[in-house]
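Single-letter residue listing:
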Amino acid sequence: MKMKMILLRLLFLTSLLCSSTNQVRLVLDSSNSQFFEGTSVTLSCEEHDGSEGWTVRRNTTKRLSKCGEGWGKWSDSSCAIEFIFVQDTGVYWCESREGAASSSIQLTVSGKIRLWS
Ligand SMILES: *[C@@H]1O[C@H](CO)[C@@H](O)[C@H](O)[C@H]1NC(C)=O
């Protein structure tokens, strides 16, 4: 019983190691994923051997799209969003031309507190 648990744990750990070596990671320039409207946010695709052919995609309540399609500016494996809006709330990930995807991050954008409304 105990041996089985140890084996399962080892299997789990090796699968984690294997999957992290060849995969792109989506990295945020911020330690959390909750923003106020107006913040600038950069999302980067980080890979061991450069990140050729990858782009940042997202799924918001409106539609599926990629960086540069009406939001964000793509350069150097990063997608820079100068001014994030509440409507930019959604799930973001890196995807290769072949359709391979990184793990995803949920970004949540809340409106500014309006003092003079
Ligand atoms: C995008 O989001 C919608 C609504 O949450 C969901 O039904 C759909 O499967 C998502 N698409 C992808 C590719 O994640």
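Refer to the structure printed above.
Description of the structure in this document. Keep in mind that what you see is a predicted model, and the values were worked out from it rather than measured.

The rules behind each value
Within every chain, residues take consecutive numbers counted from 1 along the sequence as written. In keeping with the model being predicted, local features are shown solely for residues with a pLDDT of at least 70 and side-chain atom pairs are shown and tallied solely at 80 or more, while totals for entire chains, interfaces and linings include all residues. Hydrogens and water molecules were not included; the side-chain quantities draw on all heavy atoms of the structure. Note on definitions: salt bridges are taken to be side-chain nitrogens of Lys or Arg within 4 Å of carboxyl oxygens of Asp or Glu. Numbering goes from the N terminus for both helices and strands, where a helix is a DSSP run of H or I of at least four residues and a strand is a run of E of at least two. Burial classes: relative accessible area under 20% of the type maximum marks a residue as buried, over 50% as exposed, and values in between as partly exposed (1.4 Å probe, protein chains only). A pair of strands is considered paired only if DSSP assigns at least 2 bridges between the two. Between N-to-C directions, angles cover 0 to 180 degrees, with each direction set by a line fitted to C-alpha atoms, over the stretch in contact for helices. The disulfide definition used here is simple: a pair of cysteine sulfur atoms within 2.5 Å. In these notes, a set of buried Ala, Val, Leu, Ile, Met, Phe, Trp, Tyr and Cys residues joined through side-chain atoms within 4.5 Å is what counts as a nonpolar core. Here a residue-residue contact requires only that any non-hydrogen atoms of the pair lie within 4.5 Å.

1. Focus on the pattern of salt bridges
One pass over the full model with this rule turns up three salt bridges. The salt bridge partner of glutamate 95 is arginine 57, with a shortest N-O separation of 3.8 Å. Here glutamate 95 is found in strand β8 (residues 90-96), whereas its partner arginine 57 is found in strand β4 (residues 54-60), with 38 residues between them in sequence. Residues arginine 58 and aspartate 88 are paired through a salt bridge, measuring 2.8 Å at the closest nitrogen-oxygen approach. Here aspartate 88 lies in the loop between β7 (78-81) and β8 and arginine 58 lies in strand β4, a separation of 30 residues in the sequence. Here arginine 58 falls in the buried class, since its relative accessible area comes to 8%. Assessed through its relative accessible area of 7%, aspartate 88 is described here as buried.

2. Structural notes on the pairing of strand β1 (residues 25-28)
A one-sided burial pattern is seen for β1, the buried positions being Leu26 and Leu28 and the unburied ones Arg25 and Val27. Relative to strand β3 (residues 41-46), β1 is paired through four bridges, and the arrangement is antiparallel. Paired with valine 27 across the two strands is serine 44, which belongs to β3.

3. Digging into the sheet that holds strand β5 (residues 64-66)
Taken in spatial order, the five strands line up as β2-β9-β8-β4-β5 in an open sheet, and their pairing is mixed. Two strands lie at the open edges of the sheet, namely β2 (34-36) and β5, each paired on one side alone. Ignoring strand direction, the axes of neighbouring strands in this sheet form an average angle of 30°. With three bridges joining them, β8 and strand β9 (residues 105-110) adopt antiparallel strand pairing. Across the sheet, tyrosine 92 pairs through a bridge with isoleucine 105, a residue of β9.

4. Some points on the state of the cysteines
The final tally for this structure, using the stated rule, is two disulfides. Disulfide partner of cysteine 45: cysteine 94, at an S-S distance of 2.2 Å. Linking cysteine 45 and cysteine 94, the disulfide has an S-S dihedral of approximately -100° and is accordingly described as left-handed. One end of the pair, cysteine 45, is in strand β3; the other, cysteine 94, is in strand β8, and 49 residues separate them in sequence. Classification of cysteine 94 as buried rests on a relative accessible area of 0%. The partner cysteine of cysteine 67 in its disulfide is cysteine 79, sulfur to sulfur 2.0 Å. Taking the torsion about the sulfur-sulfur bond, which here is approximately 90°, the covalent link between cysteine 67 and cysteine 79 counts as right-handed. With cysteine 67 in the loop between β5 and β6 (73-75) and cysteine 79 in strand β7, the pair connects residues that are twelve residues apart, well separated along the chain. Of the two residues, cysteine 67 and cysteine 79, neither departs from the other in class, the shared state being buried.

5. Brief notes about the nonpolar core
Nonpolar side chains in soluble globular proteins generally cluster together in the buried interior. Within the largest apolar cluster, 18 residues are counted, with the highest numbers of intra-cluster contacts made by Leu43, Val56, Trp71, Ile84, Tyr92, Cys94 and Leu107. Elements with a contribution of two residues or more to this core: β1, β3, β4, β7, β8 and β9. With three residues, the single largest contributor to this core is β3. Setting aside its immediate chain neighbours within four residues, tryptophan 71 contacts Val56, Arg58, Ser65, Lys66, Cys79, Ile81, Asp88 and Tyr92.

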